[in-house]
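So you can see what is in the structure, the chains are spelled out below.
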Amino acid sequence: APGPAAKGKPRLLLMGQRRSGKSSISSVVFHKMPPNETLFLESTARIQKDSMHSFMDFQVWDFPGQVDFLDPSFDLDAIFGEIGALIWVIDAQDDYLEAINRLNSTILNLQPSYPNVNVEVFIHKVDGLSDDYKLDIQRDIMQRIQDELSDHGVENAPINFHLTSIYNHSIFEAFSKVIQKLIPHLPTLEALLNDLCRACRFEKAYLFDVLSKIYIATDSSPVDMPSYEICSDYIDVIVDVSEIYGWERPKEYIEFLEGQPWSKKLEDQVACRDAESAIVLTDMKRPIMLREVNKYLALVAVMCEGSYEKMPSVTMNVESTVKGLLEVFEITKQRK
Ligand code: GDP
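Residues numbered from 1 in each chain as written. Predicted model: local features only at pLDDT ≥ 70, side-chain atom pairs only at ≥ 80, totals over all residues. Heavy atoms only, no water.

Quick look at the overall build of the protein chain now. Secondary structure summary: the protein chain contains 10 helices and 11 strands in total. Of the contacts formed within the protein chain by residues at least 6 apart in sequence, a portion of 70% connects residues at least 24 apart. If you sum the accessible surface of the protein chain, you get close to 16,300 Å²; carbon and sulfur atoms cover 51% of it. (Helix = DSSP H or I, 4+ residues; strand = E, 2+ residues; numbered from the N terminus. Contact = heavy atoms within 4.5 Å. Areas by Shrake-Rupley, 256 points an atom, 1.4 Å probe, with all protein chains shown as cover.)

What follows is the structure, given as structure tokens:
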């Protein structure tokens with residue numbers, strides 16, 4: 001049976017019927033499996049606890065679609081007690097009525113005891129469906145859930161919908177939205193990124209969880225898929241290059257990076273601030289920069305044309321943003 005989550009860390013639960021795509025999603029997002037290879041995955045046969053070494057250390061619990069978890073022998077509190085969000089995967093390419101019935105009864109059963117669990121519906125496998133059809137399906141699914149819940153007197157349950165596919169970045173985008181709701185002090189992180197974009201005239205800045213390439217915060221300008229894709233691909237480039245060639249970094253800086261995110265005193269972190277400067281590659285016209293924040297997180301930004309000439313001031317601003325981000329995590333730690 002599932003044990004309690006790591007203390008104080010939000011948990012994500014991934015649920016849905018067999019073959020809906022749960023194993024594929026966790027393999028692609030958290031284990032870097034190429035989407036094509038999911039064709040050969042064994043369907044989830046048992047509850048899997050997938051503990052990740054990423055920033056939040058959230059967990060994906062991959063539930064078998066057919067388990068009746070409302071069975072009284074199931075320890076509901078162990079499962080939902082510390083949960084951050086329940087992700088329910090629906091196969092949009094299949095008949096989804098049964099999936100919706102199960103989702104509805106799950107929500108109705110959770111409401112009395114766990115009214116604050118965010119329910120995040122992934123309308124999944126939408127690759128190959130036309131835009132109109134996708135929206136029709138989404139509308140239909142939303143309507144069916146809403147009708148059923150209001151028949152039972154449940155209004156305003158926290159339910160969100162995402163159109164996803166493992167064959168493009170939509171699955172990462174959806175996870176980013178889910179995770180952002182669980183991040184303490186998100187508005188402060190966003191304000192720091194806004195300030196950075198304003199000061200340096202960056203087009204867009206993301207704070208990425210490097211392992212999963214989920215962004216945990218971004219500035220308030222609209223997210224456009226191309227900029228997200230460029231930044232997330234850029235992380236791969238940097239990770240690959242650094243694995244091949246290594247980066248020359250002072251010993252204390254490496255120790256800081258490899259330590260637990262909250263294990264170091266802030267002065268130690270600040271002392272390292274000159275150890276790493278921004279790295280710039282040019283993607284067509286728009287330079288991109290990446291700056292490590294800690295072991296798990298990296299700041300990645302799409303700069304503007306001509307940013308090269310202003311690199312000293314850009315670097316200075318980036319450093320103070322990183323310092324600000326680390327201070328926010330320091331506050332989070334003290335609250336715990
Ligand atoms: P599970 O039983 O819920 O864990 O489902 P699996 O992860 O085993 O997925 C079932 C099948 O769906 C596999 O053949 C996957 O390749 C396929 N699949 C998963 N995600 C997607 C997707 O986004 N698009 C498409 N077209 N197929 C997918």
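Okay, the environment of Asp209 next. As for its placement among the helices and strands, Asp209 is situated in strand 7 (residues 204-209). Taking the relative accessible area as the measure of exposure, Asp209 reaches 2% and is therefore buried. (Buried < 20%, exposed > 50% of the residue type's maximum accessible area, 1.4 Å probe, protein only.)

Before going further, it helps to spend a moment on helix 5 (residues 170-180). Spacing of three or four residues puts side chains on the same side of an α-helix, whose turn is 3.6 residues. Across the 11 residues of helix 5, 10 count as buried, placing the element largely inside the fold. Regarding helix 5, the residues found buried are Ser170, Ile171, Phe172, Glu173, Ala174, Phe175, Ser176, Val178, Ile179 and Gln180.

Our next topic: the pattern of salt bridges. For the structure shown, the criterion picks out 12 salt bridges. For Asp131, the salt bridge goes to Lys134, with nearest N and O atoms at 3.3 Å. Of this pair, Asp131 and Lys134 both sit in helix 4 (residues 131-151), separated by 3 residues, roughly a single helical turn. The exposure class assigned to Asp131 is exposed, which follows from its relative accessible area of 55%. Where Lys213 meets Asp236, a salt bridge forms, and the shortest distance between an N and an O atom there is 2.8 Å. (Salt bridge = Lys/Arg side-chain N within 4 Å of Asp/Glu carboxyl O.)

A few words on the pairing of strand 10 (residues 286-292). Of all 7 residues making up strand 10, 6 are buried, and the element is well covered by its neighbours. Bridge count for strand 10 against strand 11 (residues 297-302) is 5 bridges, and the pairing is antiparallel. Within the sheet, the bridge partner assigned to Arg291 lies in strand 11 and is Leu299. A loop of 4 residues connects strand 10 with strand 11, the two strands running antiparallel in sequence. (Pairing = 2+ DSSP bridges.)

Glancing now at unusual backbone geometry. At Lys125, a residue that is not glycine, the phi angle is positive and equals roughly 65°. Relative to the elements of secondary structure, Lys125 occurs in the loop between strand 5 (118-124) and helix 4. Residue classification places Lys125 among the partly exposed residues on the basis of a relative accessible area of 23%. A positive phi angle, close to 60°, is found at Lys213, a residue other than glycine. Looking at the element boundaries, Lys213 is found in the loop between strand 7 and strand 8 (214-218).

Inspection of every chain in the model, using the stated rule, returns 8 aromatic pairs. With a centroid separation of 5.5 Å and an interplanar angle of 50°, the aromatic rings of Tyr206 and Phe208 are classed as tilted. The pair formed by Tyr206 and Phe208 is uniform in burial state, with each residue classed as buried. Taken together, the ring pairs connect Tyr206, Phe208, Tyr215 and Tyr228 into an aromatic cluster. (Phe/Tyr/Trp six-rings, centres within 6.5 Å; stacked < 30°, edge-to-face > 60°.)

Another aspect to go through is the side chain of Ser170. Tracing the backbone through its elements, the reader meets Ser170 in helix 5. Leaving out residues up to four positions away in the same chain, Ser170 has contacts with Leu163, Thr164, Ser165 and Met225.

For the protein chain, mean pLDDT is 78; residues scoring 70 or higher make up 69% of the total. The low-confidence segment residues 1-8, where pLDDT is below 50, has 17 contacts with residues more than four positions distant or belonging to other chains. The complex prediction reports pTM at 0.80, with the ipTM value standing at 0.99. (pLDDT = per-residue confidence, 0-100.)

Counting 61 residues, the largest nonpolar core has Ile25, Phe175, Phe202 and Leu207 as its most contacted members. At 8 residues, helix 10 (residues 311-335) tops the list of elements feeding residues into this core. The residues touching Leu207, leaving out its near neighbours within four places in the chain, are Leu193, Ile214, Tyr215, Ile216, Ala217, Val293, Leu297, Ala298, Leu299, Leu325 and Phe329. With 27 residues, the next largest nonpolar core counts Met15, Leu103, Val126 and Leu129 among its residues. (Core = buried A, V, L, I, M, F, W, Y, C linked by side-chain atoms within 4.5 Å.)

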